[in-house]
Amino acid sequence: MKLNNYTQNVGMRMIVIQIVAFILLSLLGVRLYFLQIVQGDYWSGRAENQRVRLIPIPAPRGAILDRNGKILVDSRPTYNVVLSNEPLKTIDVSERVPEYARGLNLEPDFVAERLSLIKKQNDFETMVLKESATMQDIAWVESHNLEFPELRIELQPQRTYPHGKMLAHVVGYVGEISPKQLESDTYKAKGLRPGDIIGKNGLEQSYDEFLRGRPGYRKVLVDSRGRVQSEIEVVQPQAGQDLISTIDLDLQISAEQQLEASATKRGALVALDPNNGEILALASAPSYDPNVFTQGSKTPEGRRQIAAYWQDEKRPLYNRAIQGQYPPGSTWKIPESLGALQQGVITVKNSNLACGGGITIGNKFTRCMGSHGSPPLSYAITKSCDGYYYRLALKMKIEGLIEMIETFDFDKRTGIDIPNEKVSQTPKSWKPIVEKREGRWSDIRTVYASIGQDTVVVTPISLLRAVASIGVKGKMYVPHLMKEFKPIGAMGEEGSQSYFAGRPGFGFDRPEPKLIPMTPEQEEVMVKGMWGVVQPGGTAGASAIAGFDIAGKTGTAQVAALGKDVGAKKDHAWFVSFAPAFKPEIAIIALIENVGFGGSHAAPAAKGVYETYIATRYGGVPPAGASIEPKLIAKR
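Keep in mind it's a predicted model, so treat the numbers as computed, not measured.

Calculation notes
Residues numbered from 1 in each chain as written. Predicted model: local features only at pLDDT ≥ 70, side-chain atom pairs only at ≥ 80, totals over all residues. Heavy atoms only, no water. Helix = DSSP H or I, 4+ residues; strand = E, 2+ residues; numbered from the N terminus. Contact = heavy atoms within 4.5 Å. Buried < 20%, exposed > 50% of the residue type's maximum accessible area, 1.4 Å probe, protein only. Arc of directions from axis to C-beta. Salt bridge = Lys/Arg side-chain N within 4 Å of Asp/Glu carboxyl O. Phe/Tyr/Trp six-rings, centres within 6.5 Å; stacked < 30°, edge-to-face > 60°. Lys NZ or Arg CZ within 6 Å of the ring centre and 35° of its normal.

Undergrad: What's the story with the environment of Met518 in this structure? I'm lost.
TA: Inspection of the secondary structure assignment puts Met518 in the loop between β18 (514-515) and α21 (520-533). For the pair Met518 and Val456, spaced 62 residues apart in the sequence, the C-alpha separation amounts to 24 Å. Once residues lying within four places of it in the same chain are set aside, the contact partners of Met518 are Leu338, Ser469, Ile470, Lys473, Gly474 and Glu523.

Here's what the structure looks like:
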């Protein structure tokens, strides 16, 4: 009886086991169907991606050259430590921070930042962890290949600036795209990703789209640990286009040397061709080394240097040529003079006004530095007679000054093709503020504005553009640094996925000047006065060059009240000019901060650049017709 019961229990158990097995097999079959049929394409793609990987090949940026083909900026091959995202998906990346920091000599905070950033990206994204890897770095990565399969060494192009601090404010620098920029629609439309390198300032930023190439890739087979086993396909990158700039490297070197030799070593010096707006030199001092931003931003030393640049009271990152806003002093008298002629306040034949040694407005006497009688316009320019311009501005009235400001675009940016240009501030922008605060615009403010003080601050580039136009019959060009982009050929076979279309060359697209109305007689009297400035008896007579006539104007701009204008608050020195005087080929402006008289400091700096121009273009001998005898100019 007991045996029979036992047999019956075994049969029941077999039935239960069969039912359970059937259910499990059914569930397994359903799951298999779901994975193989319903989600087959998805999992097939995942499997393929784990086996086949695309490794980006960065494209070298186009070179930047001077107008004569000399290299200003280039790219060089360098070894980088690259971080892959896929092997990190299943681990706690915080455990990697101390190991990477110690092994690669990186700051832990920086490593944590990079790991956090890449974890947010797609599975197979890569990111540079350290640029310019040393042999020690390479050896460490290779020796930890099994422990850290997410790290590998790649040969990639790196931006290099062979001239260091020279040209930094012209060419700018490159850097990794920021998270804020990635959120912008502008950058999203360009398909940029975290870790991509873009232009951050200067020409690098303005023309990033053309300088940046199109990356290629390597299609490789990898094992389960992400190690490359074989190469399937290589799509070569297309390099960026080369930029031929308007810069003349010889003149740039000379300009930088003049600023370095100045008393304060702070200021700006710009040279351009007044016939087309091409900038031949643009120097701002002090400067910075752009290599620090491209090669040192991921090292402790490099980050400290970048922080020091930002904290430096002398502001080396500040481009004084296009961002500096300074009272122009007597250089302001040049556009003011032409404005008065245009408006009929004075005429070429009847331009005499009293000097009086100064002027009294209310109970305040504002002096002139001399007593010049009742000079005509050209003599007032040559001697920089303040008394003349006090009375001229009062005749023009504030409305006339504002009309002149609008004529010469001092209320706008010049349009120079590098970023962050500032707008000059003038009586046009100050008048509503003054009237609201003081109830009216007073005559004394007009008097101060007449000599480029009080409510007048300008950028050096805007003043140079305005004054240079007077030497070329009123043609006021947009100053620019891009001369042309070279074309680049297509890559790969047309119609294939690896094909990159060619990119055509092109030049600067705003060649037409704004025309400043002036008669030949008005131009002549203006140039005659400016020519006299750089002759014996003029305010810049000591800076004359034999056989090469310069038309110019000095300026000494107060930054503090009389008696307090010493030391750090000493006057700014200006000199704005073009040459040869009656057929200009080059225009130069020099600003030296807090040094005193323009004729003693700024004019000699400009003279040094003119001498370099004569030496490099004419072999040291000024061309025929570059000098006009005084008796001839009197007849003009």
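Undergrad: When you look at the side chain of Arg212 in this model, what are you seeing that I'm missing?
TA: Assignment of secondary structure puts Arg212 in the loop between α10 (208-211) and β8 (216-222). When neighbours within four sequence positions are excluded, Arg212 is seen to be in contact with Arg61, Lys190, Leu192, Ile197, Ile198, Gly240 and Arg503.

Undergrad: I tried to follow helix α5 (residues 135-143) on my own but got confused; where do I start?
TA: For α5, the full list of buried residues reads Asp137, Ile138, Trp140 and Val141. Viewed along the axis of α5, the buried residues span an arc of 160°, placing them on a single side of the element. With respect to the buried face of α5, the exposed residues turned more than 90 degrees away are Met135, Gln136 and Ser143. Those residues of α5 hidden inside the fold are in contact with β3 (71-84), α3 (96-104), β4 (126-130) and β5 (151-160).

Undergrad: Looking at this structure, how should I read the pattern of salt bridges?
TA: Oppositely charged side chains may form a pair once their charged atoms are brought near each other. A full pass over the atoms with the stated rule returns 29 salt bridges. Arg266 is the salt-bridge partner of Glu593, the closest N and O atoms lying 2.4 Å from each other. With Glu593 in the loop between β21 (586-592) and α22 (598-618) and Arg266 in the loop between α11 (249-260) and β11 (267-272), this residue pair connects regions lying 327 residues apart in the sequence. Judged by its relative accessible area of 7%, Glu593 falls in the buried class.

Undergrad: In this structure, what is going on with the packing of aromatic side chains? I would like to understand it.
TA: For any two aromatic rings, the description comes down to two numbers: the centre-to-centre distance and the angle of the planes. Under the criterion given, the structure shown has 17 aromatic pairs. Judged by centre distance (5.0 Å) and plane angle (50°), the ring pair of Trp332 and Phe410 falls under tilted. Here Trp332 is found in the loop between α14 (320-323) and α15 (333-343), whereas its partner Phe410 is found in the loop between α17 (386-407) and α18 (427-438), with 78 residues between them in sequence. Note on Phe410: relative accessible area 0%, which makes it buried. Relative to Phe410, the ring of Phe408 has its centre 6.4 Å away and its plane inclined at 40°; by these criteria the two rings are tilted. These aromatic residues form a ring-pair network of at least three members: Tyr173, Tyr288, Phe293 and Tyr309. In this structure, Arg315 is placed above the aromatic ring of Tyr318, and the distance from its NZ or CZ to the ring centre is 4.0 Å.

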